[in-house]
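# Descriptive structure summary
Residues per chain, in single letters:
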Number of protein chains: 2
Amino acid sequence: MANGIGKILTHLRDGGPTSRADLARATGLSSAGVTKICATLSDAKLLHEAAGKEPALGRPATEVSIRADGGYVLSIHLSPAQARVAVCNLDSKVLADDALSYDPSTPVATIVDKAADLARQVIASSAIPYGSLLGLGVGVPGSVDEDGRVNTHSVLAGWRDVPFAQMFEAALGLPTVIAHNASAIAMAEARYGAWKASESLLYILLGKGIGAGFVKTGAHERTSIVEIGHVVVNPGGPHCRCGGHGCLERYFSEDPLRGCIGQTDVPHEALISAAMDTSDWPQIYEYFLQALSTTVTLLGPEMIVLGGDLNTAPDAFVEALRADLPARVMPQQRTKLAIERTSLPAPVGVHGAACVALERFFFAHGPATLSRPSKAATRA
Amino acid sequence: MANGIGKILTHLRDGGPTSRADLARATGLSSAGVTKICATLSDAKLLHEAAGKEPALGRPATEVSIRADGGYVLSIHLSPAQARVAVCNLDSKVLADDALSYDPSTPVATIVDKAADLARQVIASSAIPYGSLLGLGVGVPGSVDEDGRVNTHSVLAGWRDVPFAQMFEAALGLPTVIAHNASAIAMAEARYGAWKASESLLYILLGKGIGAGFVKTGAHERTSIVEIGHVVVNPGGPHCRCGGHGCLERYFSEDPLRGCIGQTDVPHEALISAAMDTSDWPQIYEYFLQALSTTVTLLGPEMIVLGGDLNTAPDAFVEALRADLPARVMPQQRTKLAIERTSLPAPVGVHGAACVALERFFFAHGPATLSRPSKAATRA
DNA sequence: CTACTTTATTTACTTAGTAAGTAAAGTTAA
DNA sequence: TTAACTTTACTTACTAAGTAAATAAAGTAG
């Protein structure tokens, strides 16, 4: 959050309609600054104005709020075998979306081309003019460099140092930022989810693998990718694709869970439920608890959100976790630790990617058209 | 790193003497901006100027560098039973220091008073005028709030929500920032140590307890406290002061190590060496390896630095770690992972605290006297 | 001695704000 | 009714911190 525009937009996102006077108090800006910035934002059709509640005393306030249709972002959620594209508004609400599947061995260049084609279709179907798209957010199933340009490593998909941002910018002509999928969804939960008051949040995504994203909000906000799937829970255990032995992912992800159930066609919504009936479950659950409690000890999240196949786990699973986890973490963490299911509407993946794009291309400094209107104008 | 002054000072700290032209290229500032800022810094006696190496072509550059005696910070390292005070220059070099011991049950107010008294003595002995002290950095053995004002929880010392920053500001009249000890030392290693090229670093501090600090450098720099001592390595194990069972600290910290050696008077420099000869060692070492590999998996440091009693461990210990750890972390981490001893000169604790103070009161935005000369002047 | 290259400075300007005063829009009470 | 008061919002004049572009400085190469 760098400039005044960003401070005001961020406050309006998190705090809802606010009077200019309250904005000044909340952001630390002068009232003059707030007036100016709001005028700029109003000129750009980014704000609504409405009467606030009548005050006991003094001039009544007019509250400003962000116009949800003041701009849009495109978002793409990439999995090893599927891409989902969406157009979202400034509330991170999905206005149009569609998905395509591909073989996991498809070259990334082809995946980008196909996803870009689908994106053009989705944009057309949404009837949003191309010019009001602020940018593109891409979620990838692996680690990303500091600037959000390159997917450095996706263990599951087998990708390495793929410059997705550059590739999508070339294909679609939109400024692009990429992010780790689980971290992006964690950010969306922290921003738009039911527990947005939390100071920090760990989002666990169970699917083909098991990954997690950690978000800390506040002044020093940050997100990080958490390789919980490759925490070693059984040092002498079976070999894992990551190169280690006895990683959690070898026990607690879709394939091994289906393996222990003994059926390959269990729908993933029923996976945990079915696994809980097997004799292997106590051991598997213990491994999960072990990796999770260590993660909590080291990162100290206030809130754990269960996503992917964990979101559809039976209540008994969530209850068990709530009963067992607190005893295995430090007391200062125990008092606050909440465990909940995803609170965002499906599809969650594009929601996360959209959230990252909104942050970068809207909330951090305001839309680029506002920040630098003169540079282009001066040149002309 | 917010403003131009901060960018230039930070670059000079990390990159040594640099010409104004190179500073402009490195920081992204305009050459005019660099000239102005360097003039301001020169006026404040903060810079040295010296001829650069003769160029093949063009006007020869004059290189500027930070004058180590352009300002000083006070630093205090607080342990449960000891306080060490130092005065350091802008290179984070200790110019004068002294320590005092106290009973662990001493009230914090008394500890602050005693430490402040000692600080006045150390300042006097250093012959540094009080007015050239930029601020105070305090290292504490526990977690700290986001602003570096309150020690929220020190398990070992039994402190809770102690507002050390406020207390020391009242006692000494210097702007104060507090930080977690191991994290502060990690930061010092990342800044001034032999491995300052590392992108991220985990500093492990073995003493009465075992704690760690993690630093990530670069654009999104951050430090965090890592409670490696309370990673559960033996779920059914003995009760720990943190409230859990079978924490690493119950096996791998000074008291339990002395316990397994069977002598209470082993000097801490010889602790690991002696412990390695006992029959319990393979199990203890395995526990340590387990907690450490999980920490590496979750945080992904490029570099592990061994501090405290690990710094004086025999070579055989370090070699064993180098041999055993890589196989137990993910391949993308394995290729880079380096394991080394502390590279900073003793006393390391005050060095860390000084580093945090220097960051806050000098490198981030330049000294406060430069940033806001007019506000006070205008008022007068 | 002139052309060239690179470093450093100066001048004029821009951006993003602040401080302080003023106007606006209501309530309360004599 | 009208003056006093409270709070919001806006206007004006100013400042801090930088940029762009032109210029000066200090050397080398031919």
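What you see is a predicted model, and the numbers here were worked out from it, not measured in a lab.

## A word on the protein's contact with DNA strand D
In the region of DNA strand D, 28 residues are neighbours, and Gly58(A), Arg59(A), Thr62(A), Gly4(B) and Ser30(B) sit closest. Of all atoms in DNA strand D that approach within 4 Å of the protein, 64% are sugar or phosphate atoms. In the environment of DNA strand D, a phosphate oxygen lies 3.2 Å from a nitrogen or oxygen atom belonging to the side chain of Arg25(A). Here a base oxygen of DNA strand D and a backbone polar atom of Arg59(A) are 2.9 Å apart. Classifying every residue of the surface near DNA strand D gives nine nonpolar, 13 polar and six charged.

## A few points about the pairing of strand S11 (residues 176-180) of chain A
Residue and element names in this part refer to chain A. Taken across its five residues, S11 has five buried, putting it largely inside the fold. The side-chain alternation of S11 yields two buried faces, one formed by Thr 176, Ile 178 and His 180 and the other by Val 177 and Ala 179. Where strand S7 (residues 133-140) meets S11, five bridges bridge the pair, whose relative direction is parallel. The partner of Val 138 across the bridge, within S11, is Ile 178.

## As for the pairing of strand S12 (residues 200-206) of chain A
All names here are of chain A. Of all seven residues in S12, six are buried, a share of seventy percent or more. Between the antiparallel neighbours S12 and strand S13 (residues 210-216) lie three residues. Two strands pair when backbone bridges link them, and S12 and strand S15 (residues 303-308) are joined in this way by six bridges, in the parallel orientation. The partner of Tyr 203 across the bridge, within S15, is Val 305.

## Concerning the side chain of His77(A)
All names here are of chain A. Tracing the chain through its elements places His 77 in strand S4 (residues 72-78). The exposure class of His 77 is buried, given its relative accessible area of 14%. At 3.0 Å, the side chain of His 77 forms a polar contact with the side chain of Asn 181. With residues up to four places along the chain from it excluded, the contact list for His 77 reads Gln 82, Ala 83, Arg 84, Gly 139, Asn 181, Gly 349 and Val 350.

## Some thoughts on the domain arrangement of chain A
Residues and elements named next belong to chain A. Here chain A is described as being made up of domain 1 (4-67), domain 2 (72-183 + 347-373) and domain 3 (194-341). When each unit is reduced to the centre of its C-alpha atoms, the spacing between domain 1 and domain 2 is 30 Å. Listed per partner, the contact involves 11 residues of domain 1 and nine residues of domain 2. Taken over both partners, the interface formed by domain 1 and domain 2 buries close to 770 Å², and the fraction arising from carbon and sulfur atoms is 77%. The interface formed by domain 1 and domain 2 includes one salt bridge. A salt bridge links Arg 13 to Glu 359, with the shortest nitrogen-to-oxygen separation between them at 3.2 Å. In this assembly, domain 1 and domain 2 are joined by one residue pair in polar contact (both at pLDDT 80 or more). Elements supplying a minimum of two residues to the side of domain 1 that touches domain 2: helix H1 (4-15) and helix H3 (31-43). Residues belonging to the side of domain 1 that touches domain 2 are distributed by class as follows: six nonpolar, three polar and two charged.

## Observations concerning the pattern of salt bridges
Residues and elements named next belong to chain A. According to the stated counting rule, one finds 38 salt bridges over all chains in the structure shown. Of the charged contacts in the structure, one is a salt bridge between Asp 22 and Arg 25, with a shortest N-O distance of 2.6 Å. Of the two residues, Asp 22 and Arg 25 are both situated in helix H2 (residues 20-27); the distance of three residues between them amounts to about one turn of the helix. Residue Asp 22 is classed as partly exposed on the basis of its relative accessible area, which comes to 35%. Among the ionic contacts, a cluster of salt bridges with common partners joins Arg 13, Asp 14, Arg 191, Glu 221 and Glu 359.

## A short note on the interface of chain A and chain B
Listed as interface residues are 32 residues of chain A and, on the opposing side, 31 residues of chain B. Carbon and sulfur atoms make up 59% of the surface buried where chain A meets chain B, a total of about 2,600 Å² over both sides. By the criterion of area lost to chain B, the three top residues of chain A are Glu146(A), Leu298(A) and Met330(A), representing 25% of everything that side buries. Across the contact surface, chain A and chain B share two salt bridges. For the salt bridge of Lys216(B) with Glu146(A), the shortest nitrogen-to-oxygen distance reads 3.7 Å. On inspection of chain A and its partner chain B, the count reaches four residue pairs in polar contact (both at pLDDT 80 or more). Those elements giving two or more residues to the side of chain A that touches chain B turn out to be strand S14 (222-226), helix H9 (281-299) and helix H11 (331-334) of chain A. Residue contributions to the side of chain A that touches chain B peak at six residues, all from H9(A).

What counts, and at which threshold
- Residues numbered from 1 in each chain as written.
- Chains lettered and ligands numbered in written order.
- Predicted model: local features only at pLDDT ≥ 70, side-chain atom pairs only at ≥ 80, totals over all residues.
- Heavy atoms only, no water.
- Near = heavy atom within 4 Å.
- Polar contact = N/O pair within 3.5 Å; in protein donor to acceptor, adjacent residues only side chain to side chain.
- Nonpolar A, V, L, I, M, F, W, Y, C, P; charged D, E, K, R; others polar.
- Buried < 20%, exposed > 50% of the residue type's maximum accessible area, 1.4 Å probe, protein only.
- Helix = DSSP H or I, 4+ residues; strand = E, 2+ residues; numbered from the N terminus.
- Pairing = 2+ DSSP bridges.
- Contact = heavy atoms within 4.5 Å.
- Domains from an automatic or database assignment.
- Buried area = accessible area lost by both parts, 1.4 Å probe.
- Salt bridge = Lys/Arg side-chain N within 4 Å of Asp/Glu carboxyl O.

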